[in-house]
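Structural overview for review
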Amino acid sequence: MSTPRGFWRRPAVWLSVGYIAVVVLAALLAPWCAPFDPNEQFTEGLSVEGAPLSPGSHFWLGTDLLGRDLLSRLIYGARTSLLVGVAANGLAVVIGTLVGLCAGYLQGRLGGLLMRFTDLMMAFPALLLAITLAAIFQPSVWIVAMVIAMVNWVQIARVIYAETSTLGARDFVAVEKTLGAGPLRILAVHLLPHLVPTILVWSTLGISTTVLLEATLSFLGVGVQPPTASWGNIIFESQTYFTSAPWLVFFPGAAIVLLSLSFNLLGDAMRDALDPTLKGRS
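All of the points below concern the structure found in this document.

Bringing the packing of aromatic side chains into the picture now. Summed over all chains, the structure comprises five aromatic pairs. With a centroid separation of 5.5 Å and 45° between ring planes, the pair formed by phenylalanine 36 and phenylalanine 59 is classed as tilted. Remark: phenylalanine 59 occurs in the loop between helix H2 (30-33) and helix H3 (70-106) and phenylalanine 36 occurs in the loop between H2 and H3; sequence separation between them is 23 residues. Geometrically, the ring pair formed by phenylalanine 117 and tryptophan 153 is stacked, given 5.9 Å between the ring centres and 20° between the ring planes. Taken together, the residues phenylalanine 117 in helix H4 (residues 108-123) and tryptophan 153 in helix H6 (residues 141-168) connect sequence positions 36 residues apart. Take phenylalanine 117: its relative accessible area is 45%, and that puts it in the partly exposed class. With relative accessibility at 5%, the residue tryptophan 153 sits in the buried group. One aromatic cluster is present, built from ring pairs that chain together Phe36, Phe42 and Phe59.

Encoded structure:
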């Protein structure tokens, strides 16, 4: 499946792909890119009064309240944020696609039951439900990813359900049934390929949501736990120094915003490229 040439003519796409590539490479090459161990506490990383150091020639982005190098923690934090974002969104997309596909094709009582369960999950505030689940389980990178997936699959399930219901009423599906094709063949061979563009778009847009939700949970203290670095818990640890050492909040906050914005812009561009009827709409 190819994308229209106009997709790559957008400056926003190049900027988004460029920033995402930089973050991914930094995360993958963290042991070689980071100037210091992210958990090493330097005695020279604090001022005489015990305050964090501002950005300088030795610590490029300054140090945190424990004298650790902020740049190194941001680079290693990218690993955590991307791992949680990609893993959680991937699991959410798989669950949502399966639920929406089955409900849209089967219809009837079983399809209705699946969608009523989806509506029930949508009725709960996602952040509140995520905080509750994260508080019940012992927080870790994989638990946080699972919790985020459990609250993020409902949106794509609704979209896939609507598209599957429409496709299921088309003539080619009726012809396949007449020829004796079973439900699994129809779902896998004839319906799923039509849904690939939608799945790709939601997979891209969903990473933005999961990165933000991971940062929120870590900031609230129920996400990834210190000393493991994540962009959210870096802000959580440094919030008391917001006025005296604003770089401790600004740099991780900017990294979160730029990564989320990049995935959003890339997802919007993919949506316009793969579905011309939505071009120009946001």
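Turning to H4, a few remarks are in order. Side chains that are three or four residues apart share a direction in an α-helix, a result of its 3.6 residues per turn. Along its 16 residues, H4 runs 22 Å from first to last C-alpha, staying within 8% of the 22 Å computed at 1.5 Å per residue. Within H4, the full set of buried residues consists of Gly111, Met115, Thr118 and Met121. The buried residues of H4 occupy one face: seen down the axis, they fall within an arc of 110°. Turned more than 90 degrees from where H4 packs its buried face, Arg109, Leu113 and Ala123 sit exposed. Check the buried side of H4 and you find it contacts H3, helix H5 (126-136) and H6.

What follows deals with the packing of H3 against helix H10 (residues 247-274). Following both chains from N to C, one finds H3 and H10 inclined at 35°, their axes separated by 11 Å at the closest point. For the crossing formed where H3 meets H10, the hand is right-handed. Contacts between H3 and H10 pair Leu70, Leu74 and Leu82 from the former with Trp247, Leu248, Phe251, Pro252 and Leu259 from the latter. Tallied by class, the residues present in the contact of H3 with H10 amount to eight nonpolar, no polar and no charged.

A separate point is the pattern of salt bridges. Under the counting rule described, the total for this entry stands at six salt bridges. Close ionic contact of arginine 68 with aspartate 64 constitutes a salt bridge, the shortest N to O distance being 2.8 Å. Classification of arginine 68 by relative accessible area gives buried; the value is 4%. Of the charged contacts in the structure, one is a salt bridge between glutamate 237 and arginine 68, with a shortest N-O distance of 3.2 Å. Taken as a pair, glutamate 237 in helix H9 (residues 231-238) and arginine 68 in the loop between H2 and H3 lie far apart in primary sequence, 169 residues in all. With respect to class, glutamate 237 is no different from arginine 68; both count as buried.

About the thresholds
- Residues numbered from 1 in each chain as written.
- Predicted model: local features only at pLDDT ≥ 70, side-chain atom pairs only at ≥ 80, totals over all residues.
- Heavy atoms only, no water.
- Phe/Tyr/Trp six-rings, centres within 6.5 Å; stacked < 30°, edge-to-face > 60°.
- Helix = DSSP H or I, 4+ residues; strand = E, 2+ residues; numbered from the N terminus.
- Buried < 20%, exposed > 50% of the residue type's maximum accessible area, 1.4 Å probe, protein only.
- Expected span 1.5 Å × (residues − 1).
- Arc of directions from axis to C-beta.
- Contact = heavy atoms within 4.5 Å.
- Axes fitted to C-alpha atoms, helices over the stretch in contact; angles between N-to-C directions.
- Left-handed = near helix turned anticlockwise from the far one by under 90°.
- Nonpolar A, V, L, I, M, F, W, Y, C, P; charged D, E, K, R; others polar.
- Salt bridge = Lys/Arg side-chain N within 4 Å of Asp/Glu carboxyl O.

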